[in-house]
Amino acid sequence: MLQINNLSERINKHKSEISGAVARVINSGWVVLGPEVKRFEQEFAQYIEARHCISLANGTDAIELALRAMGVSEGDTVATVANAGMYTTTALLAIGASPYFMDVDTATHNVTLQEVEKALSFGVSAVVVTHLYGLAVTEIESIASLCSKKGVALLEDCAQAHGARINGRRVGSFGTAASFSFYPTKNLGALGDGGAVITNSDQVAQKVQGLRQYGWSSKYKVELGNARNSRLDEIQAAILLEFLPGLDACNSLRRNIAKTYCVEINNANVTCDQVNDDSYVAHLFVVRSMQRNSLREHLKSAGIASDIHYPIPDYQQPVFKDEYKSLHLKNTAQLSQEILTLPCYPEMTHIQVEQVVHAVNTWKP
Ligand SMILES: *Cc1c(COP(=O)(O)O)cnc(C)c1O
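Residues numbered from 1 in each chain as written. Predicted model: local features only at pLDDT ≥ 70, side-chain atom pairs only at ≥ 80, totals over all residues. Heavy atoms only, no water.

**Here's the deal with the overall build of the protein**
For the record, the criterion: Where helices and strands are cited, they refer to DSSP runs of H or I of at least four residues and of E of at least two residues respectively, numbered from the N terminus. In this description the radius of gyration comes from C-alpha coordinates, and the expected globular size is given by 2.2 Å times residues to the power 0.38. Each residue is placed in one exposure class: buried if its accessible area under a 1.4 Å probe, protein chains only, is under 20% of its type's maximum, exposed if it is over 50%, and partly exposed if it falls in between. Using a 1.4 Å probe, accessible areas were evaluated by the Shrake-Rupley method; residue-level cover was limited to the displayed protein chains. Working convention for charge: Lys and Arg count positive, Asp and Glu count negative, and His plus the chain ends are omitted. By convention, the charge on Lys lies at NZ, on Arg at CZ, on Asp at CG and on Glu at CD.
Within the protein, the regular secondary structure consists of 13 helices and 14 strands. Over its C-alpha atoms the protein spans a radius of gyration of 20 Å, differing by no more than 12% from the 21 Å that the globule rule assigns to 365 residues. Projecting the C-alpha coordinates of the protein onto the three principal axes gives extents of approximately 65 × 55 × 40 Å. The buried share among the 365 residues of the protein stands at 55%. Approximately 15,500 Å² of the protein is accessible, and the part contributed by carbon and sulfur atoms is 48%. Considering the protein, the positive charge centre built from 32 side chains and the negative charge centre built from 37 side chains are found 2 Å apart.

In C-alpha cells form, the structure reads like this:
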C-alpha cells in the first residue's frame with residue numbers, strides 16, 4: 001500500500017545523520033535544555049527571520065503558551081478556523097477561552113481578510129490564523145496590519161507550513177507570535193514530539209520561556225501562573241538541526257509532486273486547486289470531489305492510501321455537544337464533505353506519483 005507519507009523511508013535515507021546527532025547528545029551527557037536546544041532555537045529563528053524561538057514539547061503547547069503569553073486568559077473569545085483539525089480549539093479549551101469560528105475560502109482552504117474583519121467587529125481578544133496544508137494565508141500581511149491597528153494579538157499557526165514564503169517573508173514572521181510543531185510527519189519533523197513559538201516580541205518570548213518551565217523567572221522562583229513543563233529535549237533538537245538545512249530542498253520536492261498532480265490529474269469529478277509558487281510547501285496535497293468516498297475506495301483498491309484532513313469541523317465535535325448547534329459555516333461544512341488527501345512526501349518516487357495520477361484519472365464515480 002502506498003501511504004500518504006512514509007516515515008521509515010525518511011529515517012532510512014538519513015540514518016547516519018540521525019545516528020550522529022543522537023551520539024553527539026549521548027557523548028555530551030546533557031539531555032535537557034542544553035547546547036543542541038540553544039543552537040536549534042538560534043538557527044530556526046534565523047531561518048524564519050524572527051528574533052526569538054522558544055522550543056517546546058509539542059505544537060499544541062506552542063499554541064496555548066503563545067496565546068497565554070499574548071494575554072489570552074479564561075473567559076476570552078479568540079477567533080480561529082474550524083477546518084484545521086481542532087488543535088487551536090483544544091488549546092483554547094485548555095485556557096478556558098471560547099472559540100469564535102471563522103469560515104474559509106473554498107479554493108485556498110484558508111481564512112480571508114473579510115472573515116478576520118468580521119471576527120474583529122464581533123470583539124474577539126485575539127486571532128489565530130492557520131496556514132493550512134502548507135499554503136500561506138494569501139492576505140496575511142493585511143490581516144497582520146489590521147490586527148495591529150486594532151491592538152488585537154495575532155497568532156500564526158505554522159504547524160503545516162515550515163518555510164512557506166509570501167511577499168518575500170516566511171510565514172511565522174507576520175503575527176505577534178507563531179506556533180510550530182515538529183511532529184515527525186510535519187515538513188520539519190523530529191523523531192518524537194516537538195514544537196516552538198516564534199516571535200519578534202521580547203515580552204512574549206520571555207513569558208513563553210517562563211511558562212515552559214514551571215513559571216520560573218529564575219531557578220526555583222515561580223512568578224507565572226498557568227505554567228507547566230513543556231521542553232524540547234536535546235536528542236530531538238539535535239535531529240532537527242540535521243534536518244533544518246535540507247528543509248527548503250524537501251519543500252521543493254513536495255511542491256514538484258503537487259505540481260505534477262495539478263498538471264496531470266484530469267478527471268471531471270476531481271478538482272485540484274493549483275498553487276505553484278513558494279507560498280505553498282505542500283505539507284498535504286488535498287483534492288476535492290463530490291464523490292470523494294467513492295474515489296477513496298477506488299484508490300484503496302489500486303493500493304493507494306488517502307485520508308481526510310479533517311472530517312469533522314471543530315464546531316461539530318462531540319466535545320461541544322449542542323453548543324454550536326445553530327452555527328453553519330458554509331464553506332467549511334462543504335469542504336469537510338469533499339476533501340481528500342493524496343500521498344505527497346519528499347521521498348516519493350516519480351513512478352509512485354504517476355501511479356496515483358493514473359488511478360485518479362481512471363476513476364469513474
Ligand atoms: C500538527 C498540528 C498541530 C499540533 O501539533 P502537535 O505537535 O501534534 O501538538 C497544530 N496545528 C496544526 C495545523 C497541525 O497540523
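**Some thoughts on empty space enclosed by the protein**
Test applied: In this analysis a 1.4 Å probe is tested at points of a 1 Å grid over the protein atoms alone, and where it fits but cannot get out there is a cavity; an open set with protein on both sides within 12 Å along at least five of seven lines is a pocket; lining residues have an atom within 4 Å of a point. Grid points are joined across faces, edges and corners, and a volume is the space filled by probe spheres set on the points. Polar here means any residue other than Ala, Val, Leu, Ile, Met, Phe, Trp, Tyr, Cys and Pro, which are nonpolar, and Asp, Glu, Lys and Arg, which are charged; Gly is therefore polar. An automatic or database domain assignment supplies the start and end points of every domain.
Counting across every chain of the model gives three cavities of 30 Å³ or more. Lining the largest cavity we find 13 residues, and of these Arg10, Thr185, Arg254, Tyr345 and Glu347 sit closest to its centre. Its residues assigned to classes, the lining of the largest cavity shows five nonpolar, four polar and four charged. Summarising the domain contributions, the lining of the largest cavity has at least three residues from each of domain 1 (7-244) and domain 2 (247-361).

**Description of the domain arrangement of the protein**
To keep it simple, the criterion reads: One side-chain nitrogen of Lys or Arg within 4 Å of one carboxyl oxygen of Asp or Glu is enough to make a salt bridge. Here a polar contact is recorded for every N or O atom pair within 3.5 Å, except that within protein the pair must consist of a potential hydrogen donor and a potential acceptor, and residues adjacent in sequence are included only if both atoms are side-chain atoms.
Segmentation of the protein into domains returns domain 1 (7-244) and domain 2 (247-361). Summed over the shared surface of domain 1 and domain 2, the number is one salt bridge. Here Asp248 makes a salt bridge to Arg170, at a shortest N to O gap of 3.2 Å. There are 24 residue pairs in polar contact (both at pLDDT 80 or more) connecting domain 1 and domain 2. Of the residues assigned to the side of domain 1 that touches domain 2, the class counts are 21 nonpolar, eleven polar and eight charged.

**Overview of the state of the cysteines**
Where we set the bar: In this description, the term disulfide denotes a pair of cysteine sulfurs within 2.5 Å.
Going through the model one piece at a time under the given rule, you end up with zero disulfides. There is no disulfide at Cys147, and the cysteine sulfur nearest it, in Cys158, is 14 Å away. Under the relative-accessibility criterion, Cys147 is labelled buried at 1%. Free of any disulfide, Cys250 has its nearest cysteine sulfur in Cys344, 11 Å distant. Its relative accessible area of 13% is what places Cys250 among the buried residues.

**Focus: the sheet that holds strand S8 (residues 177-181)**
To keep things clear, this is the line we draw: Note on pairing: two strands pair once DSSP finds at least 2 bridges between them. Orientation is described by lines fitted to C-alpha atoms, with helices fitted over the stretch in contact, and by angles between N-to-C directions that extend from 0 to 180 degrees. Residues count as neighbours in contact if any of their non-hydrogen atoms are within 4.5 Å of one another.
Reading across the sheet, the seven strands line up as S1-S9-S8-S5-S4-S2-S3 and stay open at both edges, with mixed pairing between neighbours. In this open sheet, the two edge strands, each paired with only one partner strand, are strand S1 (52-56) and strand S3 (98-102). Within the sheet, the average angular offset between the axes of one strand and its neighbour, ignoring direction, is 20 degrees. Looking at chain direction, strand S5 (residues 153-157) and S8 are connected through three bridges and run parallel. Among the inter-strand pairings, Asp157 is bridged to a residue of S8, identified as Ser179. Packing of helix H5 (residues 87-95) onto the sheet brings it into contact with strand S2 (77-81), S3, strand S4 (126-130) and S5, and relative to S2 it is tilted by some 165 degrees.

**Brief notes about the sheet that holds strand S12 (residues 271-272)**
Strand order in the open sheet made by the three strands is S12-S13-S14, with antiparallel pairing throughout. In this open sheet, the two edge strands, each paired with only one partner strand, are S12 and strand S14 (339-342).

**As for the site of the ligand**
Heads up, the rule is: If even one non-hydrogen atom of a residue comes within 4 Å of a molecule or strand, that residue is called near it. A cavity or pocket is said to hold a molecule if more than half of that molecule's atoms lie within 2 Å of its grid points.
Surveying the vicinity of the ligand reveals the residues Asn58, Gly59, Thr60, Ile63, Tyr87, Thr130, Asp157, Ala159, Gln160, Ser181, Lys186 and Gly194. Asp157 is positioned with one of its side-chain polar atoms (N or O) 2.6 Å from a nitrogen atom of the ligand. Lys186 is positioned such that a nitrogen or oxygen atom in its side chain is 2.7 Å from an oxygen atom of the ligand. For the ligand, the protein covers 93% of the area, taking 380 Å² as the surface of the free molecule. Using a 2 Å cut-off from the grid points, one finds that the ligand occupies the largest pocket. Looking at the shell around the ligand, the element that brings in the most residues is helix H4 (residues 59-69), giving three residues. Tallied by class, residues from the shell around the ligand come to three nonpolar, seven polar and two charged.

**As for the pattern of salt bridges**
Side-chain pairs of opposite charge can arise where the charged atoms are in close proximity. Enumeration according to the criterion identifies 13 salt bridges in this entry. Where Arg212 meets Glu41, a salt bridge forms, and the shortest distance between an N and an O atom there is 3.0 Å. Taken together, the positions of Arg212 in the loop between helix H8 (202-211) and strand S10 (216-218) and Glu41 in helix H3 (residues 35-48) put the pair 171 residues apart, joining distant regions of the chain.

**Focus on the layout of surface pockets**
Reported here for the largest pocket is a volume of approximately 440 Å³. Along the walls of the largest pocket sit 27 residues, with Tyr87, Ser181, Tyr183, Lys186 and Tyr310 positioned nearest its centre. At the level of elements, H4 and S14 are the ones that each hand at least two residues to the lining of the largest pocket. Here the element with the most residues in the lining of the largest pocket is H4; it accounts for three residues. Partitioning the lining of the largest pocket into residue classes produces eleven nonpolar, twelve polar and four charged. For the lining of the largest pocket, the two domains that each supply at least three residues are domain 1 (7-244) and domain 2 (247-361). Estimated volume of the second largest pocket: approximately 330 Å³. The wall of the second largest pocket is formed by 14 residues, among which Gln206, Gln209, Gly210, Trp216 and Ser217 lie closest to the centre. Listed by contribution, the elements that provide at least two residues to the lining of the second largest pocket are H8 and S10. In terms of residue count, H8 provides more of the lining of the second largest pocket than any other element does, five residues in total.

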